[in-house]
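Listed below are the residues making up each chain.
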Amino acid sequence: MVTNIKSLFTLLLLMAGILLAQDPQSLFQQANQAYRQQEFEKAAVLYQQILSQGYESRDVYYNLGNCYYRLNQVGQSVLYYEKALKLDPHDVDVRYNLELVNLKVIDRIEIPPRLFLFEFWDNLKNFYSLAQLTRLVVILFAMTILLVILWLFVKQYRLKRWLMSLAAILVFLTIFWSYLLFIQSHTFTEQRQAVVLVSSVTVRSAPDDSSTDVFILHEGVKVHLDELRSEWVKISLADGKSGWLRAESLAIV
């Protein structure tokens, strides 16, 4: 009898939670209103509630970055601008605001010069986001199939040659962008980036508090994650420096 009452009580709590839970659109409007009223902490909490429901979007990340910028939380601001940029690499507003907040980052990472071809290749790989690149490959593949079907039904010789030539070009483009999709997917899963959220953290030579201090990083600097070992992560910077720090001081982009 007691077990049945507990089960019923749990079910009622669950139903109440479902009824009280606000949809993301409603939360988004409330957060925007709070931001317009300069209630930045309240707005940030509401945006975070949207993310906690499993939703993500460029707008939510971008607005969160704006909230934390206003609150002078440099690390959090960089983190969410970077998340927005991953979803939309060409967004001018996100890039501009990210440049602004990076001016507040203490650490200045000097990137060694690279050959033009390497720079061009990296820009090409990152020209589209992962979702955009996936859509592009699907569209190219569908267009190729459609042209092949048309080729099978067309009787005119010249038109068949034209369709086959166009299909060959689309096949090449599909293979090329599929290759870039594979590379970007690998980068997305294997070469993760993170942002330092604490005011400062000491990077050590080994995953041990008694190991040698290598250098110090400050809030907002972006790092590459190379290895995870218990509570420690091995990080590297764009200038080639590397070392170990505690995972709790970072947030993955």
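Scroll up to find the structure.
These lines cover the structure that appears in this document, whether it is placed above or below. (Residues numbered from 1 in each chain as written. Predicted model: local features only at pLDDT ≥ 70, side-chain atom pairs only at ≥ 80, totals over all residues. Heavy atoms only, no water.)

## Some remarks on the pattern of salt bridges
For clarity, the threshold we go by: The working definition used for a salt bridge is a side-chain nitrogen of Lys or Arg within 4 Å of a carboxyl oxygen of Asp or Glu. Numbering goes from the N terminus for both helices and strands, where a helix is a DSSP run of H or I of at least four residues and a strand is a run of E of at least two.
Applying the stated criterion across every chain, the model contains eight salt bridges. A salt bridge links Arg 58 to Asp 59; the shortest N-O distance between them is 2.6 Å. Of the charged contacts, one joins Lys 222 and Glu 82 as a salt bridge, the two residues approaching to 3.3 Å between their closest N and O atoms. Placement of the pair is Lys 222 in strand E4 (residues 222–229) and Glu 82 in helix H5 (residues 74–87), with a sequence separation of 140 residues.

## Here's the deal with helix H6 (residues 92–102)
Selection criterion: For every residue, the accessible area (1.4 Å probe, protein chains only) is compared with the maximum for its type, and the residue is labelled buried under 20%, exposed over 50%, or partly exposed between those bounds. Throughout, the arc means that of the directions going from the helix axis to the C-beta atoms. Here, two residues are considered to be in contact whenever any of their heavy atoms come within 4.5 Å of each other. Polar contacts here mean pairs of N or O atoms no more than 3.5 Å apart (in protein, one a potential hydrogen donor and the other a potential acceptor; neighbouring residues in sequence count only if both atoms are side-chain atoms).
When H6 is considered as a whole, its buried residues turn out to be Val 94, Asn 97, Leu 98 and Val 101. Projected onto a plane normal to the axis of H6, the buried residues spread over an arc of 105° and lie on a single side. Turned more than 90 degrees away from the buried face of H6, the exposed residues are Val 92, Tyr 96 and Glu 99. Those residues of H6 hidden inside the fold are in contact with helix H4 (58–70) and H5. Looking at where H6 begins, the residue whose side-chain oxygen comes 3.0 Å from the main-chain nitrogen of Asp 93 is Asp 91.

## Here's the deal with the side chain of Asn 63
With respect to the element layout, Asn 63 can be found in helix H4. A relative accessible area of 15% means that Asn 63 is categorised as buried. Among the polar contacts made by the side chain of Asn 63, one reaches the side chain of Tyr 47 at a distance of 3.2 Å. Look past the residues within four positions of Asn 63 in its chain and what remains in contact with it is Phe 28, Asn 32 and Tyr 47.

## A look at the packing of helix H3 (residues 40–52) against H4
For the record, the criterion: Fitting a line to C-alpha atoms yields each axis, with helices limited to the stretch in contact; the angle taken between N-to-C directions then spans 0 to 180 degrees. Roughly parallel here means an angle under 35 degrees, roughly antiparallel means over 145, roughly perpendicular means 65 to 115, and every remaining angle is called oblique. Crossings are assigned a handedness: left-handed for a near helix turned anticlockwise from the far helix by less than a right angle, right-handed for a clockwise turn.
Following both chains from N to C, one finds H3 and H4 inclined at 150°, their axes separated by 9 Å at the closest point. Taken together, the axes of H3 and H4 lie roughly antiparallel to each other. For the element pair H3 and H4, the recorded crossing hand is left-handed. Contacts between H3 and H4 pair Phe 40, Ala 43, Ala 44, Tyr 47, Gln 48, Ile 50 and Leu 51 from the former with Val 60, Tyr 61, Asn 63, Leu 64, Cys 67, Tyr 68 and Arg 70 from the latter.

## A closer look at the packing of H4 against H6
Here is the rule: Put simply, Ala, Val, Leu, Ile, Met, Phe, Trp, Tyr, Cys and Pro go in the nonpolar bin, Asp, Glu, Lys and Arg in the charged bin, and everything else, Gly too, in the polar bin.
Their axes nearest at 11 Å, the elements H4 and H6 cross at an angle of 25°. In terms of orientation, H4 and H6 fall into the roughly parallel class. The handedness of the crossing between H4 and H6 comes out as left-handed. Where H4 abuts H6, its residues Arg 58, Tyr 62, Asn 66 and Tyr 69 lie against Asp 93, Val 94, Asn 97, Leu 100 and Val 101. Split by residue class, the contact of H4 with H6 holds five nonpolar, two polar and two charged.

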